[in-house]
Amino acid sequence: GAGVSQSPSNKVTEKGKDVELRCDPISGHTALYWYRQRLGQGLEFLIYFQGNSAPDKSGLPSDRFSAERTGESVSTLTIQRTQQEDSAVYLCASSFFGSSTDTQYFGPGTRLTVL
Amino acid sequence: GESVGLHLPTLSVQEGDNSIINCAYSNSASDYFIWYKQESGKGPQFIIDIRSNMDKRQGQRVTVLLNKTVKHLSLQIAATQPGDSAVYFCADSPMDSSYKLIFGSGTRLLVRP
């Protein structure tokens with residue numbers, strides 16, 4: 001079946017502009033995660049959605065970052081007034097339930113470059 | 001704070017040899033550990049996982065060893081193949097927020113023909 005998809009695959013923007021990144025999780029997965037991966041580094045947790053529960057936003061680095069998810073489907077990560085430090089690959093993952101032993105399946109990521 | 005780190009940023013092995021990738025973690029309360037493989041331009045791919053009540057788990061050509069005493073995790077790949085070339089990440093899951101994975105910075109595995 002189809003895996004996690006993300007769009008766009010690459011995004012180049014100017015400092016100060018807003019960007020919106022999209023994630024389509026695997027159908028039937030109730031949990032969705034966003035991570036950020038800076039060049040040559042590991043993944044940093046950003047935000048977690050599980051069903052209709054309140055999202056865990058504890059990883060969002062500033063109030064310029066926000067994310068939404070409609071039901072158990074598409075999620076969008078929005079970065080307002082982008083800064084050069086926001087340049088990174090943004091990865092989305094989904095899993096069936098969101099428990100600790102629930103395998104997270106990752107999308108290919110969106111590479112964001114802020115000039 | 002919590003951290004999961006790796007001892008070697010790059011590991012070069014001969015095709016056919018066994019590879020061992022090491023990882024140290026700092027949170028003694030971590031309950032669950034995972035290894036991911038990330039090929040260039042792709043998202044991480046799950047390889048193998050282990051719970052804290054185990055010290056060894058085997059998959060196809062891969063074995064994960066967990067030493068809770070020294071908070072050390074390793075991934076062993078048998079008969080390393082060119083397709084194994086990638087960056088390998090370990091991650092742990094704290095018990096108080098089980099869905100939140102804490103990733104290390106990764107080890108790049110290079111397989112020499």
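Residues numbered from 1 in each chain as written. Chains lettered and ligands numbered in written order. Predicted model: local features only at pLDDT ≥ 70, side-chain atom pairs only at ≥ 80, totals over all residues. Heavy atoms only, no water.

Engineer: So what's going on with the overall build of chain B? Residues and values would help.
Structural biologist: Each helix and strand in chain B was counted, giving zero helices and eleven strands. Going from the N terminus to the C terminus, chain B shows its helices and strands as β-β-β-β-β-β-β-β-β-β-β. For chain B, the residues scored as buried account for 48% of the 113 residues in total. The contacts in chain B between residues at least 6 apart in sequence include a share of 52% that link residues at least 24 apart. If you sum the accessible surface of chain B, you get close to 5,500 Å²; carbon and sulfur atoms cover 47% of it. (Helix = DSSP H or I, 4+ residues; strand = E, 2+ residues; numbered from the N terminus. Buried < 20%, exposed > 50% of the residue type's maximum accessible area, 1.4 Å probe, protein only. Contact = heavy atoms within 4.5 Å. Areas by Shrake-Rupley, 256 points an atom, 1.4 Å probe, with all protein chains shown as cover.)

Engineer: Can you explain the pattern of salt bridges? Please cite residues and give values.
Structural biologist: Enumeration according to the criterion identifies nine salt bridges over all chains in this entry. A salt bridge links Asp31(B) to Arg51(B), with the shortest nitrogen-to-oxygen separation between them at 2.5 Å. Taken together, the residues span a long stretch of sequence, with Asp31(B) in strand 4 (residues 30-38) and Arg51(B) in strand 5 (residues 45-51) at a distance of 20 residues. Via salt bridges that share partners, Arg36(A), Arg38(A) and Glu44(A) belong to a single interconnected network. (Salt bridge = Lys/Arg side-chain N within 4 Å of Asp/Glu carboxyl O.)

Engineer: Run through the interface of chain A and chain B, naming residues and quoting values.
Structural biologist: Of the residues lining the interface, 21 residues belong to chain A; the matching set on chain B comes to 18 residues. A buried area of about 1,500 Å², summed over both sides, lies between chain A and chain B, and 57% of it is on carbon and sulfur atoms. At the boundary of chain A and chain B, one finds zero salt bridges. Taken together, the connections running from chain A to chain B amount to two residue pairs in polar contact (both at pLDDT 80 or more). When contributions to the side of chain A that touches chain B are tallied by element, the ones reaching two or more residues are strand 4 (31-37) and strand 5 (43-50) of chain A. When the residues that make up the side of chain A that touches chain B are grouped by side-chain class, the tally is eight nonpolar, twelve polar and one charged. (Buried area = accessible area lost by both parts, 1.4 Å probe. Polar contact = N/O pair within 3.5 Å; in protein donor to acceptor, adjacent residues only side chain to side chain. Nonpolar A, V, L, I, M, F, W, Y, C, P; charged D, E, K, R; others polar.)

Engineer: Any details on the pairing of strand 7 (residues 62-67) of chain B? Residues and values, ideally.
Structural biologist: Residues and elements named next belong to chain B. As defined by bridge partners, strand 6 (residues 56-58) adjoins strand 7 across three bridges and the pair is classed as antiparallel. Bridge pairing in strand 7 links Arg57 to Val64. Hairpin remark: strand 6 followed by strand 7, antiparallel, with three residues in the connecting loop; positive phi at Arg61, about 65°. Relative to strand 8 (residues 72-77), strand 7 is paired through six bridges, and the arrangement is antiparallel. Bridge assignment links Asn67 to a residue of strand 8, and that residue is His72. Linking two consecutive strands that pair antiparallel, namely strand 7 and strand 8, is a turn of four residues; a positive phi of about 55° is found at Lys71 within it. (Pairing = 2+ DSSP bridges.)

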